[in-house]
Amino acid sequence: MKTRTKTIIILVILLLITGFVYQRYYFVFGEGAKAGTMNYFVKKGYMFKTYEGRLIQTGIRTPAQGGSIASNEFMFSVTDEKVAKQLSSSAGSYLELHYKEYLHTLPWRGVSVFVVDSVISAKPVNQ
């Protein structure tokens, strides 16, 4: 094989690997907003300290469940320090959060594929 052919093959392989890694770990698969009451927010981890939280979303009444209200948890991670400070001071509030969904996690990004990047609104819950 000529040197030029080897170089082209190596470049194509590197391009394919780069595309695969980007698609798997950095491509934003989905984007949206979730609303609910935050009941859990913590910074934790062994090597990479990441912010993790849970939002309780109120469900809808269904006849199959006897008319009771179902609850749904939204588990998320936060990478931005500014957003983390907003969330820390809003524990127990009714929040609207904007998030990005990735296909896979990275250790320094958190344990969830859902990464909250902004707080749309925060309202105290009526007692």
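Residues numbered from 1 in each chain as written. Predicted model: local features only at pLDDT ≥ 70, side-chain atom pairs only at ≥ 80, totals over all residues. Heavy atoms only, no water.

Peer 1: What is the right way to read the overall build of the protein chain from this model?
Peer 2: Across its full length, the protein chain carries 2 helices and 5 strands. Counted from the first residue to the last, the protein chain has its helices and strands arranged as α-β-β-β-α-β-β. Each of the 127 residues in the protein chain was classed as buried or not, and the buried ones make up 26%. Restricting to contacts in the protein chain with at least 6 residues of sequence separation, those with at least 24 account for 56%. For the protein chain, the accessible surface area stands at approximately 8900 Å², while carbon and sulfur atoms represent 60% of it. (Helix = DSSP H or I, 4+ residues; strand = E, 2+ residues; numbered from the N terminus. Buried < 20%, exposed > 50% of the residue type's maximum accessible area, 1.4 Å probe, protein only. Contact = heavy atoms within 4.5 Å. Areas by Shrake-Rupley, 256 points an atom, 1.4 Å probe, with all protein chains shown as cover.)

Peer 1: Sorry, what's going on with the packing of aromatic side chains here?
Peer 2: To describe a pair of aromatic rings, you give the distance between the ring centres and the angle between the ring planes. Enumeration over the complete set of coordinates arrives at 7 aromatic pairs. Taking 5.3 Å as the distance between ring centres and 55° as the angle between the ring planes, the aromatic pair formed by F74 and Y99 counts as tilted. Remark: Y99 occurs in strand β4 (residues 94-102) and F74 occurs in strand β3 (residues 69-78); sequence separation between them is 25 residues. Across the pair, exposure class does not vary: F74 and Y99 are buried alike. (Phe/Tyr/Trp six-rings, centres within 6.5 Å; stacked < 30°, edge-to-face > 60°.)

Peer 1: Got a minute to help me understand the pairing of β4 in this structure?
Peer 2: For a regular strand, side chains alternate in direction, first toward one face of the sheet and then toward the other. Pairing of strand β1 (residues 28-44) with β4, which is carried by 9 bridges, proceeds in the antiparallel orientation. Looking at β4, one finds that K34 is bridged to L97. By the bridge criterion, 8 bridges tie β4 to strand β5 (residues 114-123) in an arrangement that is antiparallel. By the bridge assignment for β5, Y94 is matched with K123. (Pairing = 2+ DSSP bridges.)

Peer 1: Even after reading the chapter, I still don't get the nonpolar core, so can you show me in this structure?
Peer 2: If you look at soluble globular proteins, the nonpolar side chains tend to sit buried side by side. Grouped together as the largest cluster of nonpolar side chains are 15 residues, with contacts concentrated most on F41, F76, V78, L87, L97 and V116. Secondary-structure elements contributing two or more residues to this core are β1, β2 (50-61), β3, α2 (81-88), β4 and β5. Setting aside residues up to four positions removed in sequence, F76 forms contacts with M38, F41, Y51, E52, G53, R54, L55, L87, L97, S112, F114 and V116. (Core = buried A, V, L, I, M, F, W, Y, C linked by side-chain atoms within 4.5 Å.)

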